[in-house]
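Survey of secondary and tertiary structure
One letter stands for each residue in the lines below.
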Amino acid sequence: MSTNDTLIYLASASPRRRELLQQLGVRTERIHAEIDEAVLPGENAVAYTERLARDKAAAGWHLVESCGLPSRPLLAADTTVVLDGEIFGKPADAADARRMLEAFSGRSHQVVTSVAVREGERTLLKTSVTDVAFRPLTALDIARYIDTGEPFDKAGAYGIQGRAAVFIERIEGSYTGVVGLPVFETAALLSEFGLVFP
Ligand SMILES: Cc1cn([C@H]2C[C@H](O)[C@@H](COP(=O)(O)OP(=O)(O)OP(=O)(O)O)O2)c(=O)[nH]c1=O
């Protein structure tokens with residue numbers, strides 16, 4: 001199956017994920033999958049992110065089956081940020097965004113993205129962990145960045161692909177993983193379901 005004519009289900013509202021799949025030549029049909037995103041007691045960032053990606057894929061697959069849609073691979077993903085063992089999701093408001101960006105200032109944190117691909121009862125999962133080093137941020141840097149509105153739909157209250165790029169000295173790992181879908185791991189997973197890359 002060449003990716004040129006490949007259609008998969010995408011159980012994600014993230015425009016970044018759709019665009020990164022397009023970059024791989026994969027077309028997507030959006031499936032709405034709502035899940036409970038509460039962190040379980042004692043759950044670490046990787047376990048949490050993997051569970052959410054798997055749950056999103058399961059919820060999406062349930063919808064595919066209950067609507068009688070044709071069988072094809074379904075992809076779901078989850079991204080979280082972790083620093084000193086604390087999991088940072090999307091900021092609740094501007095004060096929460098400020099708290100997160102202050103915590104990242106002048107330090108490195110990790111961005112964890114898990115991708116789950118499911119078809120029928122078969123689910124495969126991969127996780128990428130990337131170190132992101134922020135330069136020290138002033139209160140004015142943070143205030144001006146929050147004013148752009150970029151933080152609010154993003155884990156850790158920033159987008160490396162947007163204006164927060166100027167805060168980031170270096171990364172070690174997967175750039176596309178930080179954006180929300182690590183393309184290397186994603187292609188490897190989809191290959192297991194018969195898609196061919198490039
Ligand atoms: C750290 C970082 C996160 N993000 C985004 C990726 C994800 O879309 C978002 C994390 O939220 P997620 O809950 O992983 O995803 P989502 O709510 O956007 O979409 P869905 O659950 O429907 O799949 O943060 C960036 O775009 N750039 C970044 O640099």
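Each value, and the rule that gives it
Residues numbered from 1 in each chain as written. Predicted model: local features only at pLDDT ≥ 70, side-chain atom pairs only at ≥ 80, totals over all residues. Heavy atoms only, no water. UniProt positions renumbered as here; feature names shortened; annotations may be inferred. Core = buried A, V, L, I, M, F, W, Y, C linked by side-chain atoms within 4.5 Å. Buried < 20%, exposed > 50% of the residue type's maximum accessible area, 1.4 Å probe, protein only. Contact = heavy atoms within 4.5 Å. Helix = DSSP H or I, 4+ residues; strand = E, 2+ residues; numbered from the N terminus. Pairing = 2+ DSSP bridges. 1 Å grid on protein atoms, 1.4 Å probe; cavity = no way out; pocket = protein on both sides within 12 Å on 5 of 7 lines; lining within 4 Å. Expected span 1.5 Å × (residues − 1). Polar contact = N/O pair within 3.5 Å; in protein donor to acceptor, adjacent residues only side chain to side chain. Phe/Tyr/Trp six-rings, centres within 6.5 Å; stacked < 30°, edge-to-face > 60°. Lys NZ or Arg CZ within 6 Å of the ring centre and 35° of its normal.

- An unreviewed UniProt entry annotates the chain as dTTP/UTP pyrophosphatase originating from Pseudogulbenkiania ferrooxidans 2002.
- The Function (unreviewed entry) field of the UniProt record for the chain holds the comment "Nucleoside triphosphate pyrophosphatase that hydrolyzes dTTP and UTP. May have a dual role in cell division arrest and in preventing the incorporation of modified nucleotides into cellular nucleic acids."
- One UniProt comment on the chain, placed under Cofactor (unreviewed entry), says "a divalent metal cation".

**Digging into the nonpolar core**
- Ranked by internal contacts, the top residues of the largest apolar core, which has 40 residues, are Leu21, Leu75, Leu101, Phe104, Phe134 and Tyr158.
- Not counting residues up to four positions away in its chain, the partners in contact with phenylalanine 134 are Leu101, Phe104, Ser105, Gly106, Arg107, His109, Tyr158, Phe167 and Ile168.
- Counting eleven residues, the second largest nonpolar core, distinct from the first, contains Tyr9, Ala57, Trp61 and Ala116.

**Notes on the pairing of strand S3 (residues 74–83)**
- For S3, the tally of buried residues reaches ten of ten residues, placing the bulk of the element in the interior.
- Of the two faces of S3, the one holding Leu74, Ala76, Asp78, Thr80 and Val82 and the one holding Leu75, Ala77, Thr79, Val81 and Leu83 are both buried throughout.
- The pairing of strand S1 (residues 7–10) with S3 spans two bridges and is parallel. Note on S3: the bridge partner recorded for leucine 10 is leucine 75.
- Sheet analysis places S3 next to strand S5 (residues 108–119), joined by nine bridges and oriented antiparallel. The residue of S5 that forms the bridge with alanine 77 is valine 115.
- As judged from the three bridges shared by S3 and strand S4 (residues 86–88), these two strands associate in the antiparallel manner. Each bridged residue has a counterpart across the sheet, and for valine 82 the counterpart in S4 is isoleucine 87.
- What sits between S3 and S4 in their antiparallel hairpin is a turn of two residues, with aspartate 84 showing a positive phi close to 50 degrees.

**Focus: the UniProt feature "site: Important for substrate specificity" (unreviewed entry) in the chain**
- What UniProt calls "site: Important for substrate specificity" (unreviewed entry) maps, in this numbering, to Arg16, Thr79 and Gln161. Spanning 146 residues, the annotated positions come together in the fold, the maximum distance between their C-alpha atoms being 14.5 Å. In this structure, the largest pocket is lined, among the annotated residues mentioned, by Arg16, Thr79 and Gln161.
- By secondary structure assignment, the location of arginine 16 is in helix H1 (residues 15–23).
- On the accessibility criterion, arginine 16 (17% relative accessible area) is buried.
- If sequence neighbours within four positions are ignored, arginine 16 has contacts with Asp153, Lys154, Gln161 and Val179.
- Position of threonine 79 among the secondary structure elements: in strand S3.
- When its relative accessible area of 16% is taken as the criterion, threonine 79 is described as buried.

**Observations concerning helix H2 (residues 45–66)**
- With 22 residues, H2 extends 31 Å from end C-alpha to end C-alpha; this agrees with the ideal 32 Å at 1.5 Å per step.
- The set of residues buried in H2 consists of Ala45, Tyr48, Thr49, Leu52, Ala53, Lys56, Ala57, Gly60, Trp61 and Val64.
- The inward-facing, buried residues of H2 abut S1, H1, S3, S4, S5 and strand S6 (122–134).
- Regarding H2, its N-cap is asparagine 44, as a side-chain oxygen of that residue lies 3.1 Å from the backbone nitrogen of valine 46 further along.
- Immediately beyond the C-terminal end of H2, within one or two residues, lies glycine 68, with a positive phi of roughly 65 degrees.

**Some words on the packing of aromatic side chains**
- Within the structure shown, the criterion is met by six aromatic pairs.
- Measuring from ring centre to ring centre gives 6.2 Å for phenylalanine 134 and phenylalanine 167, while their planes differ by 45 degrees; the resulting arrangement is tilted. With phenylalanine 134 in strand S6 and phenylalanine 167 in the loop between helix H4 (139–147) and strand S7 (168–172), this pair connects stretches of sequence that are 33 residues apart. The residues phenylalanine 134 and phenylalanine 167 share a single accessibility class, namely buried.
- Consider the rings of tyrosine 145 and phenylalanine 167, whose centres lie 5.5 Å apart with planes at 75 degrees: the pair is edge-to-face. Here the residue tyrosine 145 occupies a position in helix H4, and phenylalanine 167 occupies one in the loop between H4 and S7, the gap between them amounting to 22 residues.
- Among the aromatic residues, those joined into a ring-pair cluster are Phe88, Phe104, Phe134, Tyr145, Tyr158 and Phe167.
- Over the ring of phenylalanine 193 we find arginine 122; its NZ or CZ atom is 4.6 Å from the centre of that ring.

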